[in-house]
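# Descriptive structure summary
Each chain, written out:
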Amino acid sequence: MIELITFNEFLGRLAQTFDASTIEAVKGPTSLYGGLILGLLFGIVLQKARLCKYDIVSGLFRLQDFTVFRVGTPILMVSVVLIFIFKDTGVFELHVPKTVIVPQIIGGLLFGAGIAIMGYCPGTAAGALGEGSLDAIPSILGMISGAVLYAEFFHDSWENTFLKWGAVGGKTFFEILNINHWYLIVLFLLMLTMFLIATTMFDIFIVFLRRTFNLFMELTDALEEKVPPATKPYAVSTLETVRKFRQNLRDLFK
Amino acid sequence: MNVPMQPSVRLAMGALILAASAVISIVLKSGWPLMVVLAVMLVVRPRWWTVLILGFTFTVFLNSGWPLLGSLFFIATCKPKRWWPIPAGIAFGLVEVLSFYLSDRPVGITRGYTALGSMAEALIYPDHANKVSYWGIYEPVIDWTMALILGTTIGSFLSARYSGDFKLNTVPYLWSFSKGSSTARRWIWAFTAGVMMGFAARIAGGCVSGLLISGVIQLAPAGFIFMMSLWVGGVATTFLFYRSRVIAVRKD
């Protein structure tokens, strides 16, 4: 049955449809639906930022593709500001991870070694599986077995040795230094802005090297304008190189 | 699979399957068969209208407007294969903040893998799993983090399929350039590196999303320490592991 309703009635029903109680239903740290929704958004963002690709993440550690830095810096800038605004207005509280200096340095070194070989971190391995990269399957199985290995054989014997060295506890920098956190945030934002500019300049430099000397493979394609394929292979005369060098310099600073 | 079919035949088959699933749904008085068929339709033929139909069905099914809004948003933004890095980073940051607001915890993935390991051990060898003290922290129950992992996979799949970026491959391009195109070699190395990474994540107490990003955005020393050591370890290992093949030189 189709019934005619007034506009006010329609607005009322619309407000009922987008009711705040539907958000309340998925709120909380144990809600599975909340996790699923966040995961969907997380996966979409990871895929669109191309962080699920081996080529991009490995290109970062090979020092020839800084897409990860250019994605990562805005993440930190946006969320550090928003989180502290919401914390000050009392919308939510912080959940500070515990700092233990020595195991985090050791763990970070090992973790970096893992990323360098595997090319995925735990979140992007799940994303890469969704994207069709089947080598994420042994990666995920490996991560699960690594956790089991640690729990079975190492946790009990290491618990009271170096896993406690340099324990600071769940403190933040502004609690340790005992100053207002906005000073630190402004400083942090300035640092990140400079870092972003430096990374972008380095990217331009790499594009320049690639276009002039055929030095790197094209990983950061399509961000620049479409580069015509190299007509002459690899070995070019010195005069030609000098000509291209000057041409590219002119293009860059046009 | 590659049988050429007339468009009209394909359309008729699709309509038939849809009608059959609708009839089954009505008979069973449950919406799930229709939902499954619509989801399969979205995967097989990722067009804007299939996304819209699925969103609309979820809106009716759950009696809430959010799925329709989400599908409209998906249609509007997810068609390009990639976003520019800075807008993508801003969206990522908004997801992080949303996680604090919605679920009252930062996004963290490795906890889910650890709990999966705990669950596997509890299934295979329950008597022994009860004695391991570490599984007291990571109990073998399905919780938020596993839903997060599942959601990440599904979201990435939908996004890749909708933009036409989905491609099954077993060896990444740059790896095949540096280490050869052997699938077994890549998979064994990936497994080894995975073991290393899971182990390291347990020592440090988190992964890139759970410790690095969430630590840095709350200005905790943990995130900064982990970030620096990860970077140093990654670059050093890359240069040791790939040796002379680190920089991929174009030789066309």
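Residues numbered from 1 in each chain as written. Chains lettered and ligands numbered in written order. Predicted model: local features only at pLDDT ≥ 70, side-chain atom pairs only at ≥ 80, totals over all residues.

The next point concerns the overall build of chain B. Counting secondary structure elements, chain B contains 12 helices and 0 strands. Taking 18 Å as the expected radius of gyration for a compact globule of 252 residues, we find that chain B reaches 23 Å, considerably beyond that expectation. Oriented by its inertia axes, the alpha-carbon framework of chain B measures out at about 60 × 55 × 40 Å. For chain B, the proportion of its 252 residues judged to be buried stands at 43%. Of the contacts formed within chain B by residues at least 6 apart in sequence, a portion of 44% connects residues at least 24 apart. (Helix = DSSP H or I, 4+ residues; strand = E, 2+ residues; numbered from the N terminus. Rg over C-alpha atoms; globule rule 2.2 N^0.38 Å. Buried ≥ 20, exposed ≤ 12 C-beta atoms within 10 Å, placed from the backbone. Contact = placed C-beta atoms within 7 Å.)

The next point concerns the overall build of chain A. Scanning chain A for helices and strands turns up 11 helices and 2 strands. Going from N to C terminus, chain A has its helices and strands arranged as α-α-α-α-α-β-α-α-α-β-α-α-α. The burial tally for chain A puts 40% of its 254 residues in the buried class. Put simply, 60% of the contacts in chain A that link residues at least 6 apart link residues at least 24 apart.

The next thing to look at is the packing of helix α7 (residues 122-131) of chain A against helix α8 (residues 136-158) of chain A. Residue and element names in this part refer to chain A. It is the contact of α7 with α8, at a shortest axis distance of 9 Å, that shows an interaxial angle of 145°. Of the two elements, α7 crosses α8, and the hand of that crossing is left-handed. The segment α7 lies against α8, with Pro122, Ala125, Ala128 and Leu129 engaging Ala136, Ile137, Ser139, Ile140 and Met143. Of the residues assigned to the contact of α7 with α8, the class counts are 8 nonpolar, 1 polar and no charged. (Axes fitted to C-alpha atoms, helices over the stretch in contact; angles between N-to-C directions. Left-handed = near helix turned anticlockwise from the far one by under 90°. Nonpolar A, V, L, I, M, F, W, Y, C, P; charged D, E, K, R; others polar.)

At the interface, 115 residues of chain A touch 120 residues of chain B. Tallied by class, the residues present in the side of chain A that touches chain B amount to 67 nonpolar, 37 polar and 11 charged.

Before going further, it helps to examine the UniProt feature "transmembrane region" (unreviewed entry) in chain A. Residue and element names in this part refer to chain A. Within the UniProt annotation, "transmembrane region" (unreviewed entry) is assigned to residues 30-46, 67-86, 101-121, 133-151 and 182-209. Spanning residues 30-46, this segment combines 88% helix with 0% strand, and its end C-alpha atoms are found 23 Å apart. Within residues 67-86, the helical portion is 100% and the strand portion 0%, while the C-alpha atoms at the span's ends are 29 Å from each other. (UniProt positions renumbered as here; feature names shortened; annotations may be inferred.)

All names here are of chain B. Here, UniProt's "transmembrane region" (unreviewed entry) annotation points to residues 9-28, 48-76, 83-102, 187-213 and 219-242. End C-alpha to end C-alpha, residues 9-28 measures 28 Å, and it is 100% helix and 0% strand. For the annotated span residues 219-242, helix accounts for 88% and strand for 0% of the residues, and the straight-line distance between the end C-alpha atoms is 34 Å.

Attention now moves to the nonpolar core. Grouped together as the largest cluster of nonpolar side chains are 105 residues, with contacts concentrated most on Val45(A) and Ala200(B). At 12 residues, helix α10 (residues 183-204) of chain B tops the list of elements feeding residues into this core. Residues within four places of Ala200(B) in sequence aside, it is in contact with Gly107(A), Leu110(A), Phe111(A) and Gly114(A). (Core = buried A, V, L, I, M, F, W, Y, C linked by C-beta atoms within 7 Å.)

On to the environment of Phe42(A). Tracing the sequence through the fold places Phe42(A) in helix α3 (residues 32-48). Put simply, Phe42(A) and Phe202(A) are 160 residues apart on the chain and 28 Å apart in space, counted from C-alpha to C-alpha. Aside from chain neighbours lying at most four places away, what touches Phe42(A) is Val95(B), Val107(B), Gly151(B), Thr152(B) and Gly155(B).

The next subject is unusual backbone geometry. With a phi angle near 60°, Asn178(A) is a residue other than glycine that sits in the positive phi range. The residue Asn178(A) is located in the loop between α9 (173-177) and α10 (181-213) in this model.

Glancing now at α3(A). With 17 residues, α3(A) should cover 24 Å at 1.5 Å per step; its first-to-last C-alpha distance of 24 Å lies within 8% of that length. Where burial is concerned, most of α3(A) is hidden: 15 out of the 17 residues are buried. (Expected span 1.5 Å × (residues − 1).)

Look at helix α6 (residues 101-118) of chain A against helix α12 (residues 221-241) of chain B: their axes get within 6 Å of each other, and the N-to-C directions meet at 40°. Of the possible angle classes, the one that applies to α6(A) and α12(B) is oblique. In terms of crossing hand, the pair formed by α6(A) and α12(B) is right-handed. Two secondary-structure elements touch here, α6(A) through Ile101(A), Gln104(A), Ile105(A), Gly108(A), Leu109(A), Leu110(A), Phe111(A), Gly112(A), Ala113(A), Ile115(A), Ala116(A) and Ile117(A) and α12(B) through Ala222(B), Ile225(B), Phe226(B), Ser229(B), Leu230(B), Trp231(B), Val232(B), Gly233(B), Gly234(B), Thr237(B), Thr238(B) and Phe241(B). Of the residues belonging to the contact of α6(A) with α12(B), the class tally is 16 nonpolar, 8 polar and no charged. (Parallel < 35°, antiparallel > 145°, perpendicular 65-115°, else oblique.)

This brings us to the environment of Pro74(A). Mapped onto the elements, Pro74(A) comes out in helix α5 (residues 67-88). A residue is classified by how many C-beta atoms lie within 10 Å of it, and Pro74(A), with 20 of them, is buried. Each C-alpha atom, one on Pro74(A) and one on Gln47(A), is 16 Å from the other, the two residues being 27 residues apart in sequence. If we ignore the near neighbours within four places in the chain, the residues touching Pro74(A) are Ile86(B), Gly89(B), Ile90(B) and Gly93(B).

Residue and element names in this part refer to chain B. Taking 1.5 Å per residue as the helical rise, helix α8 (residues 144-163) with its 20 residues ought to reach 28 Å, and the 28 Å between its terminal C-alpha atoms agrees with that figure. Burial of α8 is extensive: 18 of the 20 residues sit out of reach of the surface. Looking one or two places after α8, you find Gly164, whose phi comes out positive at around 75°.

Next up on the list: the environment of Ile206(A). Residue and element names in this part refer to chain A. Here Ile206 shows up in helix α10. A tally of 18 C-beta atoms within 10 Å means that Ile206 is categorised as partly exposed. Sequence separation between Ile206 and Ala125 is 81 residues; the distance between their C-alpha atoms is 28 Å.

Here we take up the confidence of the model for chain B. When pLDDT is averaged across chain B, the result is 87; 96% of the residues are at 70 or more. For this predicted complex, the interface confidence score (ipTM) comes to 0.90, while the overall pTM stands at 0.85. (pLDDT = per-residue confidence, 0-100.)

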